[in-house]
Amino acid sequence: RDDYNAPNFEKKLEHIEGAASRAALLVKQLMIFSRQTSVSPEPINLNQEVGSVVQTLQKLTDPRIEIVSKFNSERPIVIGDRSQMNEMLLAIGLNSHEAIVPKLVERKRGKIGFSIHVESLAPVFCAEHQLNPEKLYVHLTIEDSGIGIKNEVKDRIFEPFFSTKSAGRGLG
């Protein structure tokens, strides 16, 4: 058949491959959650990981919300579990989306931004946190134009089971 020569065939094939990879990551996440597999730390190019999540968010979020990314030209390599990294970035992006939606009535547009750069840290900071001042560190910033976090909640956001959402409304 001539379908293989269709103008968008290669792009569709890449989309299918990406969906299959995301499905495999989801299965791995479920297995980690159920303790049937372990975390697999590996070198991860954060530019690629964030780029993948940005593409996913662009398909899932309200079209009035602009999702932008700014990457450093260097390869920001971090050590971590790829599926957990992907899950964390996606969860933060979806939380940003939820924080922006109520403001779309008055503002008409919203924005989620991801930026990555590699930097050296001040020697004093390194000494206080037992870090090597000779090394470079990856700095990831995620910001949005949403409603923000209430002051009374800020101290609890890193508690493992804390959520501001009502039952049945997902994570966060």
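Residues numbered from 1 in each chain as written. Predicted model: local features only at pLDDT ≥ 70, side-chain atom pairs only at ≥ 80, totals over all residues. Heavy atoms only, no water.

Spanning 15 residues, helix 2 (residues 46-60) covers 21 Å between terminal C-alpha atoms, matching the ideal 21 Å at 1.5 Å per step. Taken together, the buried positions of helix 2 are L46, N47, E49, V50, V53, V54, T56 and L57. Looking at where helix 2 begins, the residue whose side-chain oxygen comes 2.9 Å from the main-chain nitrogen of N47 is N45. (Helix = DSSP H or I, 4+ residues; strand = E, 2+ residues; numbered from the N terminus. Expected span 1.5 Å × (residues − 1). Buried < 20%, exposed > 50% of the residue type's maximum accessible area, 1.4 Å probe, protein only. Polar contact = N/O pair within 3.5 Å; in protein donor to acceptor, adjacent residues only side chain to side chain.)

Once that is clear, we can look at the pairing of strand 4 (residues 110-119). Here strand 2 (residues 65-71) runs beside strand 4; their pairing, made up of seven bridges, is parallel. Bridge pairing links E66 to K111 in strand 4. (Pairing = 2+ DSSP bridges.)

Attention now goes to the sheet that holds strand 5 (residues 137-144). Strands sit in the order 2-4-5 across an open sheet of three strands; the sheet is mixed. Because the sheet does not close on itself, it has two edges, and the strands there are strand 2 and strand 5. Between one strand and the next, the sheet's axes are offset by a mean angle of 10°, whatever the strand orientation. The strands touched by helix 2 within the sheet are strand 2, strand 4 and strand 5, with strand 2 carrying the most contacts at an inclination of about 170°. Contacts from helix 3 (residues 82-100) reach strand 2, strand 4 and strand 5 within the one sheet, and its direction differs from that of strand 4 by about 145°. (Axes fitted to C-alpha atoms, helices over the stretch in contact; angles between N-to-C directions. Contact = heavy atoms within 4.5 Å.)

Quick look at the nonpolar core now. Core analysis: the largest hydrophobic core is formed by 16 residues, its most contacted members being L46, V50, I65, I67, M85, I112 and F114. Mapped onto this core, the elements with two or more residues apiece are helix 2, strand 2, helix 3 and strand 4. Per-element tally for this core: the top contributor is helix 2, with five residues. Excluding its chain neighbours within four sequence positions, the residues that come into contact with I112 are I65, E66, I67, V68, G93, S96, H97, I100, E143 and D144. (Core = buried A, V, L, I, M, F, W, Y, C linked by side-chain atoms within 4.5 Å.)

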